[in-house]
Amino acid sequence: MALSTFFKWAGGGVAVVIAVLCLSLQCAYWYGASLLPKDLPQPRRAYPTTARVALWRMFGGGDTPLSVRKLTIFSYAGLGLEFGSQAMMTSWMDRYAPLPSLPADMQLLDVAAGSLHHQIEQERSATEAKGAVSSGNAEALRQIGYDHHLKEVAAYIRVSRERSAESMADFVLEHGNYGRGSEGLDQAARVYFGADVDALTDDELLALATLRFQIGSMDPYCQPEQFRERYVELIRHSAASGLPRASDLSLPRLKPTECSEPQ
């Protein structure tokens with residue numbers, strides 16, 4: 001009798017802990033979402049399907065259609081635990097092994113939500129931070145840090161629920177440094193190839209998608225070797241058919257530019 005009573009109390013305690021944890025997660029999401037604008041920023045234009053597909057392939061989407069799963073705070077936490085445990089297991093088995101990659105849809109969502117959150121923060125006045133610094137209020141600075149993190153999480157979830165995969169791809173293409181002082185795909189198309197995005201070839205779009213995720217200096221005119229290495233690295237996990245090898249990329253319209261070092 002005493003043992004059955006113990007199990008009842010233990011089961012009830014576990015249920016209460018789970019309920020409190022779930023409520024805490026949901027409240028954290030509600031608070032973070034309340035700090036975001038009611039209407040999230042939208043991409044200024046819809047890009048050609050070929051541009052979206054080039055980006056999707058760089059994320060490892062292969063030949064599958066663009067799609068992103070819709071998240072809740074609970075599925076978001078579950079994904080975090082799943083990926084974290086995989087990363088820990090990989091590091092435990094071989095500390096030099098590369099960490100597992102996120103699925104293509106989560107990579108697209110991650111970059112889109114990050115770009116959107118960055119735009120929201122740019123549009124927000126820095127008055128609160130300046131006021132906290134001038135008053136020496138360390139607690140206020142910590143609160144700003146907590147709010148920033150909760151807004152990031154809320155933006156991640158809201159974007160997954162309120163934006164289509166195509167809209168996310170457009171937002172990613174529209175924001176980002178492509179090199180040569182270009183911000184966004186429209187500027188990059190004109191700077192690199194002297195053409196509008198709609199007139200670019202598949203190879204030119206693949207080149208710009210590579211530059212969207214450039215690491216260091218890798219201009220295809222000034223640093224062709226670094227550019228080819230980055231392209232190869234990105235398409236290695238794309239699982240897409242028909243992608244040209246780096247040596248076969250045809251970029252006859254690539255505009256020359258002044259290089260910092262002789263080529």
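The structure reproduced in this document is the subject of the present report. These numbers were taken from a predicted model, which means no experiment stands behind them.

### Some details on the packing of aromatic side chains
And step 1. Counted under the stated rule, the structure contains 3 aromatic pairs.
And step 2. For the pair Tyr-76 and Tyr-156, a centre-to-centre distance of 5.3 Å together with 70° between the ring planes defines the contact as edge-to-face. In this pair, Tyr-76 is assigned in helix H3 (residues 73-93) and Tyr-156 in helix H6 (residues 138-162), connecting sequence segments 80 residues apart.
And step 3. Of the residues examined, Tyr-76 reaches a relative accessible area of 27% and is grouped as partly exposed.
And step 4. Overall, Tyr-156 belongs to the buried group, its relative accessible area being 12%.
And step 5. When the ring centre of Phe-213 is taken as reference, the NZ or CZ atom of Arg-212 above it lies at 5.1 Å.

### Quick notes on the environment of Gly-179
And step 1. Topologically, Gly-179 is positioned in strand E1 (residues 177-179).
And step 2. You can call Gly-179 buried: its relative accessible area is 10%.
And step 3. With 40 residues separating them in the primary sequence, Gly-179 and Asp-219 have C-alpha atoms 7.3 Å apart.
And step 4. Gly-179 has contacts with Tyr-192 and Gln-214, leaving out every residue within four places of it along the chain.

### Details of the packing of helix H9 (residues 202-212) against helix H10 (residues 224-235)
And step 1. One can describe the packing of H9 onto H10 by two numbers: an axis separation of 10 Å at closest approach and a directional angle of 90°. Taken together, the axis directions place H9 and H10 in an arrangement best described as roughly perpendicular. On the side of H9, the interface is formed by Leu-206, Ala-207, Thr-210 and Leu-211, while H10 contributes Phe-227, Arg-230, Tyr-231 and Leu-234.
And step 2. The class makeup of the residues in the contact of H9 with H10 is 6 nonpolar, 1 polar and 1 charged.

Conventions adopted
- Residues numbered from 1 in each chain as written.
- Predicted model: local features only at pLDDT ≥ 70, side-chain atom pairs only at ≥ 80, totals over all residues.
- Heavy atoms only, no water.
- Phe/Tyr/Trp six-rings, centres within 6.5 Å; stacked < 30°, edge-to-face > 60°.
- Helix = DSSP H or I, 4+ residues; strand = E, 2+ residues; numbered from the N terminus.
- Buried < 20%, exposed > 50% of the residue type's maximum accessible area, 1.4 Å probe, protein only.
- Lys NZ or Arg CZ within 6 Å of the ring centre and 35° of its normal.
- Contact = heavy atoms within 4.5 Å.
- Axes fitted to C-alpha atoms, helices over the stretch in contact; angles between N-to-C directions.
- Parallel < 35°, antiparallel > 145°, perpendicular 65-115°, else oblique.
- Nonpolar A, V, L, I, M, F, W, Y, C, P; charged D, E, K, R; others polar.

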